[in-house]
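# A structural walkthrough
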Amino acid sequence: MKKSKRSEVAVTIGLTLFFLIFLSPILIAFSASFRHVDDTSNYLKLFQYFCLDSYRLAFGKLNYFRSLKNSILITTSSVFLLLLFSSMAGYAVARLKGKLGSFFQIFFLSGMIVSAQMSIIPMYRIINGLGLSNTRVAPVCMYVTAALPFSIFLYTNFVKSGVPYTLEEAARIDGAKIPYIYARIVIPLTKPALSSLVITQGVPIWNDFFFAMLFLSSPTKKTLPLQMLNFIGDMENATQWNMLFAACMVSALPILIIYSFLQRYFVAGLTVGAVKE
Amino acid sequence: MKRKVMSLLMAAVMTASLIGCGSAGTDTPDVEPAAPAETIEEVEETTDAAEEADKPAPKEVVGIDALEDVSEPVTLSLMVTTRPSTDSKDFFLDWLPELVHEKFPNITIEVEQLPTDEYKQTVRMKYASGEGPDLFTWWPQLQAVDLVEAGYVRDISDFSLLGKFDQSIADLYAFDGKNYGVPLGTSFLTTWYNKDMFADAGVTELPQNYDEFVEVCEKLKAKGYTPIVCGDKDAFVIQYGVYQLGAGAIYPDNIDFDAQLFTGETKFTDDVWVDTVTKFANLYEKGYVMENTLGISQQQSRQSFIDGEAAMIFDGSFGYAAMMAEGAADFERGMFCIPGNDPDGEYYYNWTPANALFTSNISDELHKQACDLVMQYWFNEESPLFEKWVENTTDIICYEGVEDPREMINEYLDRYKDSTNLYNLNNAWPEGVSDALTTKFQNVITGDATPEEVCEQMQMKFEEVTE
Amino acid sequence: MPTKKVRKVLLCFLIPALLFYVIFWVTPVLMSFYYGVTNWKGVGDYDFVGLKNYRFLIKQGTLSNALFNTIKYTLFVVIWGNLQALTLAMILNMKIKAKGAFRTIFYIPALFSTIVIAFIWSYVYAPYDGLLSEIGRLFGSGYVSNLLGEKATSLFATAFVETWKTSGTMTIIYLAGLQNLSEEVLESARIDGCSAWQSIRYVKIPMLANTITVNVMLGLIGGFKSFDYIFALTGGGPGTSSSTLMYTIYKMAFVEMQYGKAEALAACAFVFILIISTITLGMMKRKELEA
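Read on for a plain summary of the structure.

### Some words on the overall build of chain C
Secondary structure summary: chain C contains 14 helices and 0 strands in total. Here the C-alpha coordinates of chain C stretch approximately 75 × 75 × 30 Å along the principal axes. For chain C, buried positions account for 51% of its 291 residues. Residue pairs at least 24 apart in sequence account for 69% of intrachain contacts in chain C once pairs closer than 6 positions are excluded.

Right, here's the structure in full:
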């Protein structure tokens, strides 16, 4: 017992050190965001200054609350649709035995090969043709679609390994229809997969600027990460990094808060997990 | 000699548009560049009456009080490249929409800003899908040809205030004798230097040719200073040095060099270009440039200069605010253009058009009318909008009677007024060539390529994109 | 075996995902392949040029350079990323008190957007003033880090940032997998006298096969699609030493206005990734079955 106690302390110290190093880049950015906007001298001098100018400017230039509202709207609807579509499709793919099942699995999976950079102009034309350009629907469609291949893949695997088919069969013998089984048995049993999807797909959607950049041109519809682009300089207008850092911090703040709040729920979901038999 | 500078660029535009017309199915009219060909400072004397007569008589200038709002509410889209300034109010993002809306309550301007590369592609993509921005800023000459040819941008030759702008600059946005852009100003590439370090190293005179420039670097180095810092991680920075050097090394002997690239008479692999790149590479080889610059960004290099860690930096007039900012060291700044010429050659310096304001040709009448109103208001000296523009721009405004408030910049242009100026060399090249230059030159810095190979790469890219 | 009726209902379940997928993902890709045989510049008219774009990409060495860089980048992301994530997940899965806090902290980098991560890391790597150089100075060595500025290292230095950011995501997937392991099997392994290493090697890893597949594929696809960090950290340089497939495609389309050629390269990338992924997935599946 004593030995394990000691090793626990050693591991904890080791991990603490590791995480300090691991997070040091973010600490640098955090400390730089409190500097005067023009001060870009040695960033390693952490927290020697305290000035909120960068935050004040960043807040205004981001048009914070409006952009936050757009981000929340777009991210939540994308994630909701993604969970719905991918769980439905993933479940179907997992349970469609035979050639059809494997065809769809491969068909969706092959979408992971595609990257947005490959076909920007065609994507733009299609969205435009559907009359969706410069609407918040456009990026939502793209986020859902871009995340589908991986989500379906993950979900299918999860259903196959985590949802006992015998349970479904038993329900069917009792007269349950497929939609009922999906909603009442499969969904509850796959909560860990769903929460994993919220994390792995929702966060990139929240942080993405690429599709938002392609499809949202009105400033009133822009999301936080898209507004972040405004801080990037070019040949003639240099980037103002302290202001950019401050903008990064305030734009990451909502998700940090959500994360710290939902973390407990996820951990519980993972440990208690419906997956265990 | 001076007069020839423009002609090469114009010829290049013409050749390019001819090439452009070679592709099948082009039903847009051939675009011919405007005739005049002068350097910037010669405007007044060359604006001859004969030319004026060819153009339709300009509309009467309307006073700002006489401008009437459009009949119904309209939202104009304006696109600009990103403007990450720390001013609480930016001209394009804040003043322009605000003051226009104040004057014309029916006009609302929505501003979209994007980083340069994304900006170029997005503007083109939007126009190609039939919904380009009502107003946007764009680059001169070859870079605007495709938009003009496709009929996306409006001919504004009859814009009444166009005459107020320096004509030689305005003509850089003219094709086939028609004006398409309102020139927003000029800028120049230059070398900022630390006067205190120069004095300390015993440099009393600014170098007049390349050999003298090398001597200056040698003196600085002998005194223990790092002569030059470059933010070479941002590859575009390489252009700042090469274009300054190239002006004096390439063009004094053949002002039509770039135009002749299109006809094959000249090539990037010619001696003059190899010489230019070699001269630039020398600075690295001899250890005048700080080590490891490939790991330093433009921003970091500027900081390094104002912190007094290097005596020189290749930058531009647009870097004014950043260069004049307070750093760790307190010293006096100066500017000069690196001479690329040999001792018996002629000194050419860099001075180039900045962007122009273009307006959409594919929007409806109401939007066009509103755009006209905005331009009438913006470019009228009496308007508060004009005042804000002059106050906030980083360009050197080329509007009759407006002088730049930055003394160092006026002093600089005055110092070189008797020399010939050249535009940024890439203005006469198709997209992609300057990128080939900077990318390959990074390999020269790492010691993995020779100046000859840089030139070969440029020539190869040039042939690839013009075929 | 599901009945016919059940199959029909299941097929209906596929419809929403299929619609989105076909309209917004499959169609644009097919359109891109079409542009790949033209000389379109993104604006105006174009001609069909057959396979000229492809010949050009091969002749100029663009294709091989981009392919080679992508493979190197991907190998690094897959191998290093998985080793790192699996190790950390196992440590975090141990019975330590502060486990929850560590797990919480660990995911933080993944919450930030790529652009700020990229900038922060460019400071970590920067010569002279950067974090690595400072640390070097601390130990008295004259080390000047120039990892992004050197041909040999720029690609790996960039890939490392990618693994740093995705480590949280990968670890969470591994943790989920580890916590799914049957306690009974682990217990019986302990009773049988397995050492810690033996239980990892012969019990945990085989049982994690499914999770490993997910993470390897994640790393593989992430590596093949690598764009953001290259874009923000090295711009493909120095020279073209860190230009991956996606970055080269983007640069051709956006900077050089050669849309046709860019799409030809995209088609090559598509085929390449398809082949590699199929092979890898096949291999992983076989391993999974063996386990």
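### A closer look at the overall build of chain A
Helix and strand content of chain A: 12 helices and 0 strands. The N-to-C order of helical and strand elements in chain A reads α-α-α-α-α-α-α-α-α-α-α-α. A burial count over chain A gives 52% of its 277 residues as buried. Contacts in chain A between residues far apart in sequence, at least 24 positions, make up 73% of those at least 6 positions apart.

### With respect to the interface of chain C and chain A
With 72 residues of chain C at the interface, the matching set in chain A holds 71 residues. Per element, the largest residue contribution to the side of chain C that touches chain A is 19 residues, and it comes from helix α1 (residues 4-35) of chain C. Considered class by class, the residues forming the side of chain C that touches chain A number 55 nonpolar, 12 polar and 5 charged.

### A short note on the sheet that holds strand β8 (residues 189-194) of chain B
All names here are of chain B. The strand order β9-β10-β8-β11 describes an open sheet built from 4 strands, whose pairing is mixed. Of all strands in the sheet, those with a lone pairing partner are β9 (228-229) and β11 (333-336), marking the two edges. Relative to strand β10 (residues 312-316), β9 runs parallel, the two being bridged by 2 bridges. Bridge assignment links Ile228 to a residue of β10, and that residue is Met312.

### Quick look at the sheet that holds strand β2 (residues 107-114) of chain B
Residue and element names in this part refer to chain B. Read from one edge to the other, the open sheet built from 5 strands follows the order β2-β1-β3-β14-β6, with strand pairing classed as mixed. For this open sheet the edge positions go to β2 and β6 (181-183), each flanked by a neighbour on one side alone. Across this sheet, the average inter-strand angle for adjacent strands is 25°, counted without regard to direction. Note: strand β3 (residues 135-138) against strand β14 (residues 356-359), 4 bridges, orientation antiparallel. The partner of Thr137 across the bridge, within β14, is Leu357. Across the sheet, helix α4 (residues 91-103) is in contact with β1 (74-81) and β2; its angle to β2 comes to roughly 170°. Against the sheet, helix α5 (residues 116-128) engages β1, β2 and β3, with an angle of about 135° to β1.

### Some points on the environment of Val444(B)
Residues and elements named next belong to chain B. Mapped onto the fold, Val444 is located in helix α18 (residues 433-445). Val444 gets classed as buried once you count the C-beta atoms within 10 Å, which come to 23. Those residues in contact with Val444 that lie beyond four places of it in its chain are Ala281, Ala449, Thr450, Pro451 and Val454.

### Remarks on the pairing of β10(B)
Residues and elements named next belong to chain B. The element β10 is largely enclosed, with a buried count of 5 among its 5 residues. Pairing of β8 with β10 involves 5 bridges; the strand directions are antiparallel. Along β10, the bridge assignment pairs Trp192 with Ile313.

### With respect to the packing of helix α3 (residues 64-95) of chain A against helix α6 (residues 137-162) of chain A
All names here are of chain A. Contact pair α3 / α6: the axes reach a minimum separation of 7 Å and the direction vectors enclose 40°. Considering their axes alone, α3 and α6 lie oblique with respect to each other. In this structure, the crossing between α3 and α6 has a hand that is right-handed. Looking at the contact of α3 with α6 residue by residue, the classes come out as 17 nonpolar, 7 polar and 1 charged.

### A few points about the packing of α4(B) against helix α16 (residues 384-392) of chain B
Residues and elements named next belong to chain B. Look at α4 against α16: their axes get within 10 Å of each other, and the N-to-C directions meet at 170°. For the element pair α4 / α16, the angle class is roughly antiparallel. Across from Phe91, Trp95, Leu96, Leu99 and Val100 in α4, the residues of α16 making contact are Pro384, Leu385, Lys388, Trp389 and Asn392. Of the residues contributing to the contact of α4 with α16, the split by class is 8 nonpolar, 1 polar and 1 charged.

### Some remarks on the nonpolar core
Val144(A), Cys248(A), Val374(B), Ile249(C) and Leu265(C) are the most contacted members of the largest nonpolar core, which has 228 residues in total. Per-element accounting of this core gives the leading share, 16 residues, to α6(A). Counting 74 residues, the second largest nonpolar core, distinct from the first, contains Cys217(B), Phe336(B), Ala428(B) and Phe441(B).

### Let's talk about the interface of chain B and chain C
The partner chain C presents 26 residues to the 32 residues of chain B that form the contact. Looking at the side of chain B that touches chain C, the elements with two or more residues in it are α5, α6 (142-149) and α18 of chain B. When its residues are assigned to classes, the side of chain B that touches chain C shows 9 nonpolar, 13 polar and 10 charged.

### Looking at helix α6 (residues 114-125) of chain C
Residue and element names in this part refer to chain C. Counted at 1.5 Å a residue, the expected span for α6 with its 12 residues is 16 Å, and the 16 Å between its end C-alpha atoms agrees. α6 sits mainly inside the fold: 11 of its 12 residues count as buried. Along α6, the residues that are buried comprise Thr114, Ile115, Val116, Ile117, Phe119, Ile120, Trp121, Ser122, Tyr123, Val124 and Tyr125.

Reading the values: the criteria
Residues numbered from 1 in each chain as written. Chains lettered and ligands numbered in written order. Predicted model: local features only at pLDDT ≥ 70, side-chain atom pairs only at ≥ 80, totals over all residues. Helix = DSSP H or I, 4+ residues; strand = E, 2+ residues; numbered from the N terminus. Buried ≥ 20, exposed ≤ 12 C-beta atoms within 10 Å, placed from the backbone. Contact = placed C-beta atoms within 7 Å. Nonpolar A, V, L, I, M, F, W, Y, C, P; charged D, E, K, R; others polar. Pairing = 2+ DSSP bridges. Axes fitted to C-alpha atoms, helices over the stretch in contact; angles between N-to-C directions. Parallel < 35°, antiparallel > 145°, perpendicular 65-115°, else oblique. Left-handed = near helix turned anticlockwise from the far one by under 90°. Core = buried A, V, L, I, M, F, W, Y, C linked by C-beta atoms within 7 Å. Expected span 1.5 Å × (residues − 1).

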